[in-house]
Every structure is written in C-alpha cells, then in structure tokens.
Amino acid sequence: MARIVMKFGGTSMAGIERIRSVAARVKREHEAGNEVAVVVSAMAGETDRLVGFCREASSLYDPKEYDVVVSAGEQITSGLLAIALQAIGVQARSWMGWQLPIRTSDGHASARIADIDTTALNASLASGEVAVIPGFQGLAAGERVTTLGRGGSDTSAVAMAAAMKADRCDIYTDVDGVYTTDPRIVPRARKLKRVTYEEMLELASVGAKVLQTRSVGLAMKEKVRVQVLSSFVDADGESEPGTLIVGEEEIDDMERQLITGIAHDKNEAKITLTAVPDRPGAVASIFTPLAEANINVDMIVQNVAHSTGSTDVTFTAPQAELARVLDVLDKSKEAIGYEKLIHDTRVAKISVVGVGMRSHAGVAATMFKTLGDRGINVQAITTSEIKVSVLIHEDETELAVRVLHTAYGLDAEDTAA
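Since the structure is predicted, the reported quantities are computational estimates derived from the model, not experimental observations. (Residues numbered from 1 in each chain as written. Predicted model: local features only at pLDDT ≥ 70, side-chain atom pairs only at ≥ 80, totals over all residues. Heavy atoms only, no water.)

Summing up its helical and strand segments, the protein has 13 helices and 20 strands in all. A globule of 417 residues ought to have a C-alpha radius of gyration of about 22 Å, and the protein, at 24 Å, matches this closely. The principal-axis extents of the C-alpha atoms in the protein amount to approximately 80 × 60 × 35 Å. With the model as given, the accessible surface of the protein reaches about 19,100 Å², and the carbon-plus-sulfur share is 50%. Taking the 43 positively charged and 57 negatively charged side chains of the protein as two groups, their mean positions are separated by 1 Å. (Helix = DSSP H or I, 4+ residues; strand = E, 2+ residues; numbered from the N terminus. Rg over C-alpha atoms; globule rule 2.2 N^0.38 Å. Areas by Shrake-Rupley, 256 points an atom, 1.4 Å probe, with all protein chains shown as cover. Lys, Arg positive; Asp, Glu negative; His and termini not counted. Charge placed at Lys NZ, Arg CZ, Asp CG, Glu CD.)

Right, let's talk about the environment of Met299 for a bit. Here Met299 is to be found in the loop between α9 (282-292) and β15 (300-302). Judged by relative accessible area, which is 1%, Met299 ranks as buried. Between the C-alpha atom of Met299 and that of Glu17, which follows or precedes it by 282 residues, the distance is 45 Å. Once you skip the residues sitting within four places of it in the chain, Met299 turns out to touch Thr314, Phe315, Thr316, Lys349, Ala380, Ile381, Thr382, Ser389, Val390 and Leu391. (Buried < 20%, exposed > 50% of the residue type's maximum accessible area, 1.4 Å probe, protein only. Contact = heavy atoms within 4.5 Å.)

The biggest cluster of nonpolar side chains holds 36 residues, and the ones touching the most others in it are Val5, Leu121, Ile133, Met160, Cys169 and Val226. Secondary structure elements with two or more residues in this core: β2 (35-40), α5 (119-126), β6 (130-134), α6 (152-164), β9 (168-173), α7 (197-205), α8 (213-222) and β11 (226-230). In terms of residue count, α6 provides more of this core than any other element does, 6 residues in total. Discounting residues that sit within four places of it in the chain, Met160 has contacts with Val5, Val39, Leu100, Ile102, Ile116, Leu121 and Ile133. (Core = buried A, V, L, I, M, F, W, Y, C linked by side-chain atoms within 4.5 Å.)

Another aspect to go through is the environment of Thr370. Assignment of secondary structure puts Thr370 in helix α12 (residues 363-373). On a C-alpha basis, the gap between Thr370 and Ala407 in space is 7.0 Å, while along the polypeptide they are 37 residues apart. Excluding its chain neighbours within four sequence positions, the residues that come into contact with Thr370 are Val403, Leu404 and Ala407. Of note is the side chain of Thr370, whose polar atom sits 2.7 Å from the backbone oxygen of Thr366. (Polar contact = N/O pair within 3.5 Å; in protein donor to acceptor, adjacent residues only side chain to side chain.)

A few words on helix α1 (residues 16-31). An ideal rise of 1.5 Å per residue puts 22 Å on 16 residues; α1 measures up with 22 Å between its terminal C-alpha atoms. Elements that come into contact with the buried residues of α1 comprise β1 (3-8), β2, α4 (72-87), β6, β9 and β11. A positive backbone phi angle near 95° is found at Gly33, which sits one or two residues after α1. (Expected span 1.5 Å × (residues − 1).)

Our next topic: the sheet that holds β9. The 8 strands are arranged β3-β6-β2-β1-β9-β11-β12-β10 in an open sheet whose pairing can be described as mixed. Lying at the two open borders of the sheet, with one neighbouring strand each, are β3 (92-94) and β10 (194-196). Here the strands of the sheet are splayed against their neighbours by 20° on average, with no regard to which way each runs. Sheet topology places β3 next to β6; 3 bridges connect them, and they run parallel. (Pairing = 2+ DSSP bridges. Axes fitted to C-alpha atoms, helices over the stretch in contact; angles between N-to-C directions.)

This structure, assessed with the given rule, holds 3 aromatic pairs. Here the guanidinium or amino end of Arg93 rests over the ring plane of Trp95, the centre of that ring lying 3.6 Å away. (Phe/Tyr/Trp six-rings, centres within 6.5 Å; stacked < 30°, edge-to-face > 60°. Lys NZ or Arg CZ within 6 Å of the ring centre and 35° of its normal.)

To continue, consider the pairing of strand β13 (residues 261-265). Across the 5 residues that make up β13, a large majority, 5, are buried. The alternating pattern of β13 places Gly261, Ala263 and Asp265 and Ile262 and His264 on opposite faces, both of which are buried.

The next subject is the packing of helix α3 (residues 63-70) against α4. Relative orientation of the contacting elements α3 and α4 amounts to 25°, with a least axis distance of 5 Å. Judged by the inter-axis angle, α3 sits roughly parallel to α4. Here Val68, Val69 and Val70 of α3 come into contact with α4, specifically with Ala72, Gly73 and Glu74. A class-by-class count of the residues in the contact of α3 with α4 yields 4 nonpolar, 1 polar and 1 charged. (Parallel < 35°, antiparallel > 145°, perpendicular 65-115°, else oblique. Nonpolar A, V, L, I, M, F, W, Y, C, P; charged D, E, K, R; others polar.)

Tallying each qualifying case throughout the model produces 26 salt bridges. Between Glu65 and Arg144 there is a salt bridge, and its shortest N-O distance comes to 2.9 Å. Here Glu65 is found in helix α3, whereas its partner Arg144 is found in strand β8 (residues 144-147), with 79 residues between them in sequence. Under the relative-accessibility criterion, Glu65 is labelled partly exposed at 39%. Classification of Arg144 as partly exposed rests on a relative accessible area of 28%. The salt bridge partner of Arg346 is Asp395, with a shortest N-O separation of 2.9 Å. Here the residue Arg346 occupies a position in the loop between β17 (341-344) and β18 (347-353), and Asp395 occupies one in the loop between β20 (387-393) and α13 (397-407), the gap between them amounting to 49 residues. A single salt-bridge network, built from bridges that share partners, covers Glu198, Glu248, Arg358 and Glu385. (Salt bridge = Lys/Arg side-chain N within 4 Å of Asp/Glu carboxyl O.)

Attention now goes to the environment of Asn377. Tracing the sequence through the fold places Asn377 in the loop between α12 and β19 (380-384). Sequence separation of Asn377 and Glu396 is 19 residues, and the distance between their C-alpha atoms is 9.3 Å.

Along the chain, Leu100 connects to Pro101 via a cis peptide bond; the corresponding omega equals -5°. Not every positive phi belongs to a glycine, and Glu143 is a case in point at roughly 60°. Tracing the chain through its elements places Glu143 in the loop between β7 (137-140) and β8. A positive phi is found at Lys223, a non-glycine position, where the angle reads about 55°. Residue placement: Lys223 occurs in the loop between α8 and β11.

Now the structure itself:
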C-alpha cells in the first residue's frame, strides 16, 4: 500500500464529465489499496472570471476579500469531485484549507505555506476515506483565508505530499510528461522518463510550462517524488508512463546525460540604459530601486566603457513588469545619470539545460556556433551550473529551438518503416 497525492489542474476539472473522469481515475488508485488525497484546481477559466469580478467591484480591492472570492473556484471543484466519487461507491469527503488547517503567511494573493496539520487528515485516510482538498488556498493569522498566487495548486499538492510523507505526488495535466522541448515546435521531441529536481527547476524558470517553478523548488527541498501525467487518457485503461522528477541519485548514467532539454520564453523584455556614468556604485543605482519594487531581472550585460567615461547597461525583465520597470527607472533617472532608456519586447530567451554540463566542456560553444551558422544573433547571455540562456529576436524562436534540439542529439529516432 502506498500513500499518494493526486493533483488535477483546471483543464482536468473543466466540467462535470471531466470531473467524472477524474473520479474514475481516483477510484482505480483507491481500489488498488492506496491511501489517496486529491488536490484540485478550479475549473479552467474560473479563477480569471472571479478575478474579473473583483476588478469590476473596485480597482483598489482589499486583498483579503480578493482571496475570499478567488479561492471559491477550488472549493466548488473539491465538493463536486467528492460528490462524483461518492456516486461511484468511493467513500470521500472534501477538506477546506481552513479545516485541516493549511497555515500560511499573511501575504494575501501570494501567501507561502508555513505548516499543514495532518492529524485529522491521517485519521480520515486510515479509515479508508479519499480526501479531496482545494489547492491554492490556506489560512493566515486572524483566521483569514489566503491564496498562494496563480498556479499555486501545484505548490499545494507538493506541500501536502511532504506533510503527509506521501510516497509520490502525481500531477495530472494536459500533457503526458516532460519533453526535451515543446513538441509543437519539434515533432521529434522525446518524452523524458526521469528529470532531476535541478533540471526541472531550471526548465520551469526559463519557459517550460509543465510545472510551476515554486512547486519544483519545494519538491527539491522536501525531497518529494513528483510524477507528471496526462489526465486526457482513458481512466479505465493503463496509463502511459509519465515523467518522474527526482533526485540525481535516482537517475542512472548521469555521465551520459549531457543536455536534458531546450526551453523558450517569449515573455521577456529587454531594457537598455545608455551613457550610464562609469563609476563605482552606478550599477547598484539601477538595480537597487528595481529590487525595492520587487521586480526580478535576469540577463545583465554591461558594455565596455566609452571614451566619454560612460557605459551602456542592458538587462531583461518579465514583459508583464515592463511598465513598472520603466516607471522606476524614470523616477531614478537623476540618481542613475543615464542618457536614454530603450526597451524592446520583440525578444525571446532560449535555454539549454542539463546536469551533464557540470562535467562536459563545449556546451556553450556548440550553442553559439549552431545559432551563428543559421544567422541568429545573440543579444545577451546568462549561465548557471546546468544552464546556458541567450536572448534572440522573437521571430527566430522556433528556428533556434529546432536547430539546437538537433545539435545536441535530442531528436527522437525516426520509427517509420
């Protein structure tokens, strides 16, 4: 007997027929003798609808009341799934975040999980009951409902698995695993059997949309084994194996795994400040006010100094934050002393990720030569121990992904007769 957390996203819960399909899948795990807790998202599009109501009511809404409203979507699906399970003979009940409780910080709309009391939940599971838990929500001091931020249900599921000491956290979504790159761009992309936490964290942070970055970080910290599966297969038949996200010690032949995947992200904006005074503290005067405004920056390039005693500084930030970036820098212009502020949203970040980089030279060189041979200009570069990312023009995104996928030998073999 295993203890399993099953998490279903919004597309998996989109309507009663989909919920019945989820119930059938949960029943199969339960009848196999496993203790099962299910974490659910709101129906696809429901959270956006509830957010819209808040904005219509007031552009300056109270974040505490916002959380009360937007957490309702998961409450509805948890109750519906419990009803659907009962209808097919499975003993089940729903647990709201405040009933366990799931304790969080008081950062409304972006709370962080502090602790989960599993006493009542453990007793429920031991009695043979399936627990259905709404993701995305918790309870702060003062007994106020909180939410974890968009995509927070993945984090809820991993946190629940850690608190329950579950054997595995299965995350069901609209894809059947983690691929070497987006199969819509590269049809010969391969599904990966296993990926390390670090690789998945890097892939998620640079554009892969399979899992939320925060949930992967938590899984790595708590050593929760996570499996990505598709809910869009026959629940009564044998599921195709998904992708396991685990520690390096669970993956064989690490030395042969050079590059795991290629990710892309078109949600970047490039910002350049020209003629910044070339003096100590100049760069700090740019990034300190951005940090104080909680704006994350990624790639940073400082050009060589001009003969005039100045330099140009370029960096990237999420497109969604561009207006705030420009506002902060405009207000800080006198302190920074730059001449012009230039921005460009027609860029894309392309990243190659793999733990094999630690022991193999030439990964970056292969990337730059491959792109150069196809006439693709690199505008900025950033690296980590297991990642190399470049910024290019967005029109060349698909070409870059395809040629890099081939260059690193990631294309699946042609199985056609």
